[in-house]
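The lines below spell out each chain.
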Amino acid sequence: MASHHPTAGAEITVDSRKLGVWVFLASEVIFFAALITSYLVLHNRVTSGPTAHEALTLTIPTINTMILLVSSVAMVLALAHLRDGNRRASIAWLLTTAWLGICFLILKAVEYNHHLHEGLTPSVNVFGSAYYTVTGFHAAHVAAGVIWILSVALGLRRRISPQNDVLVETVGLYWHFVDLVWVAIFMVVYLMR
Amino acid sequence: MASQTMTMPRVYEERGLLAWLTTVDHKRIGILYILGAGFFALIGGLEALLIRTQLAAPNNQVLVGEAYNQVLTMHGTTMIFLVVMPVLAGLGNYVIPLMIGARDMAYPRLNAFGVWMFLLGGLFLNLSFLLGGAPDAGWFGYAPLTAKTFSRGTGIDFWILGLQLLGISSITSSINFVSTILLLRAPGLSLNRLPLFAWTTLVTAFLILFAMPSISAALFLLFLDRHLGTHFFNPAAGGDPLLWQHLFWFFGHPEVYIMILPAMGIVSEILPVFSRKPLFGYTAVAYSSVAIGFIGFTVWAHHMFAVGLPDVVNAFFAAASMLVAVPTAIKVFNWIATIWGGAVRYQTPFLFAAAFVALFVIGGLSGLFLAAVPVDWQVTDTYFVVAHFHYTLFGGSMFAIVAGIYYWFPKITGRFLDERLGRWHFALQFIGFNLTFFPMHFLGLAGMPRRIYTYAPGLGWEVLNLLATVGAFILALGFVVFFVNVVRSLAVGVPAPADPWDGHTLEWLTSSPPPPYNFAHIPVVHSRRPVWDLKYTGNPHPRPVVEITEGNDQIKEDKGEKAPEEPIHLPAPSIWPLVIAAGLTLFALGLVTHWIFIPFGVLLFALGIARWATQPLFPEAPGGH
Amino acid sequence: MAQNSGEARGWARRWAGGFWILGIWLTGCAAQSPSILAPVSPKGRAEAELFWFILLITAGVFVLVETLLLYAVFRFRARDPRAIPPQIHGNNALEISWTTATAVGLAVIFAMTWRTMAATSTPPADALPVKVIGHQWWWEFQYPTLGITTANELVIPVGRPIRASVTSADVIHSFWVPQLGGKMDAIPGRENAVWLQSDVEGVFYGQCAELCGISHANMRLRVRAVSEAEFQRWVEAQRAPAAQPVEPLAQQGYQVFMSKACVGCHAIAGTPAQGRVGPDLTHFGSRTTIAAGLLENTPENLARWLDNPPAVKPGALMPRLGLTPEEIQALVAYLLSLK
Ligand code: HEA
Ligand code: HEA
Ligand code: CUA
Ligand SMILES: [Cu+2]
C-alpha cells in the first residue's frame, strides 16, 4: 500500500490515484483548449458549403446538455451513496450515469446523421472539419467514460468499500470534466454559431 | 538493529529477460530508458555525421535532396524525442525516488508502460526508414509541406503517429513524476529541502503536461487532413498553415525548457558536491525554474517572427523571450557563486558540469539575438539558429546529461567510470563540440540557410563548413572513448562505495547499486543536505562522523525518530504495461501500413487494460488492489 | 529622437569595431559572402546595427561570466581533498544586484529592438510594388504597376524602396536576400509585405530560407540593382512581347516549343504558350541563370536542363520530356533568342 498513502513527511496529503487523475485532467484541458481554439480560428472561414449558422440547430445539443448535467448529478449521488455504505444504490446511480452517457452518444449520432444528410461532412469545408473534430473528440471521451464507469460499476461489488471509494471518485472526476468540456463546446460551437 | 521488526520484502525474480520485460522497479525502468536513449543517440549521432559529411564541401553527393531531408528530420526528431527527453526521464526515474527517500515511483506499472511506449515508439519512428521512407519535413513538420498534396508517402504518417506514441509516454511519466515528488517524499523532506534535480523535474513534468497536448492535438488535425480530407491547414479551403505553427510552437518552445531544466537540475546537484559547498542561493535557483517554466509558455511566437505577425505581437514575444534570461541568469550566477570559495575537485562529472555553464551561456546569449526581432529577420532559418540550439541543447542538455551519467554511474552499477578515459572524453567532446558549432554562428551571419543539402562554392562558406565537419568527427571520437569507458568500467571498473563522491543527497545513503527496496529504513530528513550533515555537522574535523558504507543505510542520529516502520511491499512484476504499449504500437502500424495490424493492436490493448485493471499491485498485501 | 537613436547606433558601431578578431574575419568573408553584416539597404543596415549593439552587450556579459567561471574553477581548486571550505548558503544583496543588472541589460536590448522594428518593419509609402510568389522550387516576380512577370531574377532600381508582397503557390517558402534586409515567409493564402532596397548597383545573392521540400537547397535567386535609366530600359524591354525567332534553328525551336508539352506549363507573351505552372519565359534570354539560380544561363547548361531537369535539380517539377538532341538544340536557340 506504500505507494497509495503519503509518507508522514509530505505536506500534501491526497490519495495518489486521485492526484494522478487531477494532473491528467489538467493536461486534457490543454488538449481541448487547442481543439476549441482551432475551431474558433477556422469556423467562419467557410469558402463553400454550409456554415455553422446554417447547419447547426439547438434542439439536440440542448437536450444533450441537460443529459450530461443530470448525469453529473447521478455521479455525485453514486459517490455519496457509496460513502454512506449503500453499495447497491451506488451501483444503480453509476449505471444511470453510464446510461445517460449512452443516450448522449445516441443523440449525438442522430445529430451527425442529420448533418450528413444536409451535406455537412468533415471534408466539405473548414467548419465541417473543425465541428466534427471538436465534437468527435469529446464524444470519444464520453464513450471512454461510459466504458470506465461500467467497469467500475461491475467491479464494485468485489472491490469497493466506503473506505475505499477512490475508484468511484476518480471516474467521477473524469466524468465531471467531460461534462464541463461539453458545456464549453455547447457555448462556443452552438450558442455562438 | 531494527530489522527484527521489519518484514523483509519479497523480491521478485531478478534475472533473465522476463524479469526485465515485466519489471516495475523504477531503477530498472530508469536503466531501460537510459540504454534506449543511448541506442537512439548512436543513430541520431550517425545521422549527424552523415549530414556533416554531405556538407563538408560544396556540391557534395553523399546525401542528396530527399535523402538529406529524411536524415535531417530524423536527426532532429531523434535527438529531441528519443535521446534528450528519455535520458532525462531515465535519470529522473533512477535517481529521484532515491533522492527523496521513496521505495518506488507512485505508479510503478504506469512507469513501466511509459518506458515501453518510448522504446516501441522510437522503433516505430525508425521503422519508417525501412518501410517506404522516413519523414522529411523537418522536426517541426510545417504544414502544408506535410499535407498529403506535398507529402504522398507514409513518412509523415510515421512521424505523426510516432510522436503521438512518444507523447503518451511523456504524459504518463510526467503524471508519475508529479505524484511521486509531491507525495512520496521522506519525512522532513519539505519542498524547500527538495534536491534541485527533483525540483526541476517537477517543473518539467508540469511543462510536459501542459505543452504536449497542444502538439498532440495538432498532430491529430494533421492526420485528419491527410486521411479524412479535412481542411485545417489547407489555405485553399480557408484552413490556416499558421494554425499549425501556433499549435506546434506552443508545445515546441516549452519543449526546449523541458530539455534544459532537468539538465540544469543535474548541474545544480553536481557543482555543490564537487565544490564541497551548499548550492548558493538555493531558493532563488529553485524558484527560477518555476519562473522559466511559466514565462516559457508565453514566448512561442518567437519562432514565427518572419511569418508576418503585427509588430506589437512580435514585440510582446520578443520581450517575453528576453525576460526568460532573468531567471536563467540567476541560475548562472548562482552556479558560479557555488564554485566560488569552494574546494573544487576536478573529477569528470565536475568537468562536464562546469563546461555546461560555460557553453550554455553562449547558447543563451545567442538566443537574445534571435529574440531581437529585426536581427531574427536576418538570422532566422540560418546556421546562426543551428549554432544557438546546439549550444543550448548539446552544450547545455547533453553536457549535463553526460555529467550526470559520470556522476550516477557508480550508484547505478557499483563501479566508477575510468577517470583517465573520462578526461580524454571530456577534452575530445569539448574541443569537437566548439569546433563543430562555433563556426556555425559565422555561417549564419554569412547568409547560409539551414536545412540545405548543398551549396554553391564561392559564397565564403567552404572553410567554415569543413571546420564544422572536422569538429563533428572529433566529437564522435569523444563518444567512442565514452563508449569504451562504459564497457570497460562495467567489466573491470573500480568498485564504488555507497557514497563515492562525498555526496549531499539521500541517494548516497544506500548501497551502490541499491537494493530493490532502496532503503531498509526510510530516513528522516532535517536539511537540504541530509547526507552531508550526517557526515560533517558538529564536526570541525575534515573527517566524516559516519562512514557511509554498504548496508549501513540508516541515519544513526535518527535512531529515535525513524519513519514509522511499515512492512515493505514491492509491487508485483507485470507484463501488461508492455502488452498495452505493444497494442498501441501495432495499432499505429496498422494505420500507416496495412489494416491487418489494427485488430491485433486493439486486441492486445484491450487485453492489457483488462488484465492490468484486475491484477493487484501488491498481491501479498491484505486486500491488495 | 531619431537623431539620438542614430547617434547611439553609431556609437555602438564604433565600439563594436573593437571586436577586431571577429571584425577581420567578417570583413574577409563579407567580401565574398551574402553577409548580413555587409548590408546595402537601410533596413539591412538597421538590422546589422542592432546586431552589433547586442553583440556589444552580450560580448561584455560573455567575457564577464566566463572569466568569473574560469577564475572560480582554477582559483578554488582543492589542494587538500579533505578540506572543507566555509559553508556559504547565499547572499541576498549579491543576488538582488545581479538580478537587477540583468533586467536592466535586457531592458536596454529590448528598447533598441523596438526602435529598430518601428523604423524598418513597414515599407515606405512611395515604394515600388513587387509581388513575390514562391513555387517549389523557383521564384515568380510580378510588377503589378508595370505589367511585368519574370522569374528568379529580380531587377530593381538603385536607391528606390521596393515593397515586396510575398506569398506562395504551394508550401511555405521564405524570401531572403541577406544584403538587402531580413527575410519574409511566403505563406500560401497570405500576403506579407517586406521592404527591400539597394543603395548600390550590383547583383545580390538570395535563397529560399524555409524548408520547402526536395530542392529547397536549390531555390536560389538574384537581385540585380541597376541605375534608374537602365531600369527604365529593362522595363521597356520586358513589356514588349517576345521576340520573333529569326534564325532558322530558333524558328525550328519555336515549332518544337509550341508543339510539345512546354506550352502547358510556360507562358511566352505574344505566342499561344500561356501555361502558368513554370516560369514565364517571355524574356528568358535576358536572365543570367537557369532553374532558380542554379546554373549559369549558357547554351550547354540549358541543354542539360532541357534534357533531364530532375537530374540537374532533384525533384524538379518540370519532367523529363524525352526530347531528341536536335529538338534540344533548336529549343536552346529559340529560348536564348528571347532577350
Ligand atoms: C535547451 C534548449 C534551448 C534553450 C534553453 C533556449 C533558450 C533561449 N532561446 Fe532558443 N531555441 C532552441 C533551444 C533552446 N533555446 C531550439 C532547439 C531552437 C530552434 C528550433 C528550430 O527552429 O528548430 C531555438 C530557437 C530560438 C528562437 C527562434 C529562432 C528562429 O528560428 O528564428 C529564438 C528567438 O527568440 C530563441 C530564443 C531563446 C532565448 C531568448 C532563450 C533564453 O532562454 C536564453 C536565456 C539565457 C541567457 C541569456 C544566458 C544567461 C544569462 C546571463 C549570463 C545574464 C546576463 C545577460 C544579459 C544581461 C544580456 N531560440
Ligand atoms: C540534443 C539535440 C541534438 C544533438 C545532441 C545534436 C548533435 C549534432 N548535430 Fe544536430 N540538430 C538537432 C539537435 C541535436 N543535434 C536539431 C533539433 C536539429 C534541427 C533539425 C531540423 O532542422 O529539423 C539539428 C540539426 C543539425 C544540423 C543542421 C542541418 C541542416 O539544417 O541542414 C546539423 C549540421 O551540421 C547538425 C549537426 C549535429 C552534429 C554534428 C551533432 C553531433 O554533435 C553528434 C555527435 C553525437 C554522437 C556521435 C552521439 C551522441 C551521444 C551518445 C552516443 C552518447 C549518449 C549516451 C546516452 C544518452 C546514454 N544538427
Ligand atoms: Cu522554398 Cu525552401
Ligand atoms: Cu523558443
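As a starting point, this report considers the structure included with it. As the structure is a computational prediction, the values presented were derived from the model and not from experiment.

1. A look at the coordination of the iron atom of ligand 1
All names here are of chain B. Exactly one protein atom donates to the iron atom of ligand 1; that atom is His388 (NE2), 2.1 Å from the metal. Here the iron atom of ligand 1 and the copper ion (ligand 4) are spaced 4.5 Å apart. Tracing the sequence through the fold places histidine 388 in helix H12 (residues 383-413).

2. Overview of the sheet that holds strand E1 (residues 128-135) of chain C
Residue and element names in this part refer to chain C. Taken in spatial order, the five strands of this open sheet run E3-E2-E1-E5-E8, and their pairing is mixed. For this open sheet the edge positions go to strand E3 (148-151) and strand E8 (192-196), each flanked by a neighbour on one side alone. Here the strands of the sheet are splayed against their neighbours by 25 degrees on average, with no regard to which way each runs. Alignment of E1 against strand E5 (residues 162-168), held across seven bridges, turns out to be parallel. Each residue of the ladder has a partner; that of valine 132, found in E5, is valine 166.

3. Some points on the interface of chain C and chain B
The extent of an interface is frequently quoted as the accessible surface area lost upon association of the parts. Taken together, the contact pairs 87 residues of chain C with 97 residues of chain B. Carbon and sulfur atoms make up 71% of the surface buried where chain C meets chain B, a total of about 7,800 Å² over both sides. Looking only at chain C, the three residues that lose the most surface to chain B are C:Arg82, C:Trp98 and C:Leu211, adding up to 9% of its buried area. At the boundary of chain C with chain B, the tally comes to one salt bridge. Linking C:Arg190 and B:Asp240 is a salt bridge whose minimum nitrogen-to-oxygen distance equals 3.1 Å. Counting every contact that joins chain C to chain B gives 23 residue pairs in polar contact (both at pLDDT 80 or more). Those elements that provide at least two residues to the side of chain C that touches chain B are helix H2 (20-30), helix H3 (42-75), helix H4 (92-120), strand E7 (181-186) and strand E9 (202-207) of chain C.

4. With respect to the site of ligand 2
Residues and elements named next belong to chain B. As a structural note, the neighbourhood of ligand 2 is formed by 34 residues, with Tyr68, His75, Trp139, His390 and Arg451 the closest of them. Between arginine 451 and ligand 2, the recorded distance is 2.6 Å, taken from a backbone N or O atom to an oxygen atom. For the shell around ligand 2, the per-class residue count stands at 24 nonpolar, seven polar and three charged.

5. Description of the arrangement of the chains
Summarising the chain contacts, two pairs of chains touch, and the pair with the most contacts is chains B and C. No interface is formed between chain A and chain C, the nearest pair of C-alpha atoms being 12 Å apart.

6. Things to note about the site of ligand 1
Neighbouring residues of ligand 1: 30 residues in total, closest B:Trp139, B:Tyr257, B:Asp376, B:Thr380 and B:His388. B:Leu370 is positioned with one of its backbone polar atoms (N or O) 3.4 Å from an oxygen atom of ligand 1. B:Arg450 is positioned with one of its side-chain polar atoms (N or O) 2.8 Å from an oxygen atom of ligand 1. Within the residue set of the shell around ligand 1, elements represented by two or more residues are helix H7 (241-275), helix H9 (311-339), helix H10 (348-371) and H12 of chain B together with H3 of chain C. For the shell around ligand 1, the element with the most residues is H10(B), which contributes six residues. The residue inventory of the shell around ligand 1, partitioned by class, reads 18 nonpolar, ten polar and two charged.

7. Details of the nonpolar core
Ranked by size, the top nonpolar core spans 344 residues in total, and within it A:Tyr131, B:Trp244, B:Phe356, B:Trp408, C:Tyr143 and C:Phe175 carry the most contacts. Here this core spans two domains, and each of domain 1 (14-75 + 93-120) and domain 2 (128-239) of chain C adds at least three residues to it. When near neighbours in sequence (up to four residues on either side) are disregarded, C:Phe175 contacts C:Val132, C:Trp139, C:Phe141, C:Leu154, C:Val166, C:Lys183, C:Met184, C:Leu196 and C:Leu221.

8. With respect to the coordination of the iron atom of ligand 2
Residue and element names in this part refer to chain B. Only His75 (NE2) and His390 (NE2) from the protein reach the iron atom of ligand 2 as donors, at distances of 2.0 Å. What the six donor atoms of the iron atom of ligand 2 show is an angle range of 86 to 179 degrees at the metal, which sorts the shape as octahedral. Of this pair, histidine 75 sits in helix H3 (residues 66-99) while histidine 390 is found in helix H12, placing the two residues 315 residues apart along the sequence. Residue histidine 75 shares its accessibility class with histidine 390, and that shared class is buried.

Calculation criteria
Residues numbered from 1 in each chain as written. Chains lettered and ligands numbered in written order. Predicted model: local features only at pLDDT ≥ 70, side-chain atom pairs only at ≥ 80, totals over all residues. Heavy atoms only, no water. Donors = N, O, S within 2.8 Å, 3.2 Å for Na, K, Ca; no water. Helix = DSSP H or I, 4+ residues; strand = E, 2+ residues; numbered from the N terminus. Pairing = 2+ DSSP bridges. Axes fitted to C-alpha atoms, helices over the stretch in contact; angles between N-to-C directions. Contact = heavy atoms within 4.5 Å. Buried area = accessible area lost by both parts, 1.4 Å probe. Salt bridge = Lys/Arg side-chain N within 4 Å of Asp/Glu carboxyl O. Polar contact = N/O pair within 3.5 Å; in protein donor to acceptor, adjacent residues only side chain to side chain. Near = heavy atom within 4 Å. Nonpolar A, V, L, I, M, F, W, Y, C, P; charged D, E, K, R; others polar. Core = buried A, V, L, I, M, F, W, Y, C linked by side-chain atoms within 4.5 Å. Buried < 20%, exposed > 50% of the residue type's maximum accessible area, 1.4 Å probe, protein only. Domains from an automatic or database assignment. Tetrahedral: all angles 85-135°; square planar, octahedral: opposite > 155°, others 65-115°.

Just distances and angles here, no functional claims.
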